[in-house]
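Structural overview
Spelled out from the first residue to the last, the chains are:
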Amino acid sequence: AFNAGQFGPESMSRTLAEHFALIEDEYADALAHPLSARRAMLVAALLARFTDRVFERYRPDAPDRVFSAADGPAYRDRLRAASPALATIFALCTVPPGAALEVAPVEVPIADYGRLSVEDFMVSLYNGNTVQRVVITRPGEGQPLVHPVLGEAIAWWRGSGAVA
């Protein structure tokens, strides 16, 4: 049964570990739907918000855990320097965005054909060795695949000690 109280502010107060578990769940869903830019963007937004949550949690009592940054923007600057994947995610989630997601053809080297699904293999045969993938577009930069960038950012946070 619907309970209006379940959507109040208390429902949003997750621990960092719970928030990170949500990120990992949504990332698994994004991997299961490799052509969904919407699902990939959700993971990026959750990672960007996780940054804020980590800063809010540790700045008052353990400033060294957030590089002793004075504020959120300074913390993000430090994270950009520490993790290229997070820098890309922050660009994707800024307003106005400094990057965008796009479904685009990506060339598959012949040596990698063994790793393709049957469906992707068939598509690549008829499309000049290319398959559709979600890529990150940034002016003047390449177009990295979004899922590996998300995975790198998740791995960075996992190794950071912030997820307790």
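Described in the following lines is the structure provided in the data block. Owing to the predicted nature of the structure, the values given are computational and were not obtained by experimental measurement. Position numbers for residues count from 1 along each chain, tracking the sequence in the order it is written. In keeping with the predicted nature of the model, local features appear solely for residues at pLDDT of at least 70, side-chain atom pairs appear and are counted solely at 80 or more, and the whole-chain, interface and lining totals rest on all residues. Think of the side-chain values as coming from all heavy atoms in the structure, minus any hydrogens and water.

To continue, consider the packing of helix 3 (residues 72–82) against helix 4 (residues 84–93). The angle between two axes is taken between their N-to-C directions and runs from 0 to 180 degrees, where each axis is a line fitted to C-alpha atoms and a helix contributes only its stretch in contact. Labels follow the DSSP assignment, with helices taken as runs of H or I lasting at least four residues and strands as runs of E lasting at least two, numbered in each case from the N terminus. Following both chains from N to C, one finds helix 3 and helix 4 inclined at 130°, their axes separated by 5 Å at the closest point. Here helix 4 runs oblique to helix 3, going by the angle between their axes. Counted together, R76, L79, R80 and A82 of helix 3 and P84, L86, A87 and F90 of helix 4 form the full contact between these two elements. When an angle is under 35 degrees it counts as roughly parallel; over 145 it counts as roughly antiparallel; between 65 and 115 it counts as roughly perpendicular; any other value is oblique. The contact criterion used is simple: two residues touch if any of their non-hydrogen atoms lie within 4.5 Å.

So, on to helix 2 (residues 37–58). Taking 1.5 Å of rise per residue, 22 residues should cover 32 Å, and helix 2 covers 32 Å from first to last C-alpha, within 8% of that figure. Restricting attention to buried positions, one finds in helix 2 the residues A40, V43, A44, L46, L47, A48, F50, T51, R53, V54, F55 and Y58. If you follow the buried residues of helix 2, they end up packed against helix 1 (16–32), helix 3, helix 4, strand 1 (100–107) and helix 6 (146–160). What a helix is expected to span follows from its residue count: subtract one and scale by 1.5 Å. Exposed residues in this analysis have more than 50% of their type's maximum accessible area, buried residues have under 20%, and partly exposed residues fall in between, with area computed by a 1.4 Å probe over protein chains only.

Right, let's get into a nonpolar patch on the surface. Patch building starts from residues that exceed 30% relative accessible area and form no salt bridge, then joins like charges within 9 Å and nonpolar side chains (Val, Leu, Ile, Met, Phe, Trp, Tyr) within 5 Å. Areas reported as accessible are Shrake-Rupley estimates using a 1.4 Å probe. Residue values count occlusion only from the protein chains shown. Any carboxyl oxygen of Asp or Glu that lies within 4 Å of a side-chain nitrogen of Lys or Arg is treated as forming a salt bridge with it. Together, V118, F121, M122, L125 and Y126 give the surface a local cluster of nonpolar side chains, amounting to about 540 Å² of exposed area. Among the secondary structure elements, L125 is positioned in helix 5 (residues 118–126).

This next bit is on the pattern of salt bridges. Tallied over the entire structure, the rule returns 9 salt bridges. Of the charged contacts, one joins D120 and R133 as a salt bridge, the two residues approaching to 2.6 Å between their closest N and O atoms. Pair noted here: D120 is in helix 5 and R133 is in strand 2 (residues 130–137), with a separation of 13 residues, a long-range link. The pair formed by D120 and R133 is uniform in burial state, with each residue classed as buried. The shortest N-O distance in the salt bridge between E141 and R138 comes to 3.8 Å. Classification of E141 by relative accessible area gives partly exposed; the value is 48%.

Before going further, it helps to examine the packing of aromatic side chains. The rule is short: rings of Phe, Tyr and Trp, with Trp giving its six-membered ring, pair when the centres are within 6.5 Å, and they are stacked under 30 degrees, edge-to-face over 60, tilted in between. All told, the structure shown has 6 aromatic pairs when counted by the stated rule. A centroid spacing of 6.1 Å and a plane angle of 40° characterise the contact between F67 and Y75, whose relative ring orientation is tilted. The class for F67 is partly exposed, based on a relative accessible area of 31%. Judged by its relative accessible area of 2%, Y75 is buried. Taking the centre distance of 5.4 Å and the plane angle of 90° together, the rings of Y113 and F121 count as edge-to-face.

As a further point, take unusual backbone geometry. Along the chain, V95 connects to P96 via a cis peptide bond; the corresponding omega equals -5°. Relative to the helices and strands, P96 is located in the loop between helix 4 and strand 1. Backbone geometry at S68 places phi at a positive 55°, although glycine is not the residue there. Inspection of the secondary structure assignment puts S68 in the loop between helix 2 and helix 3.

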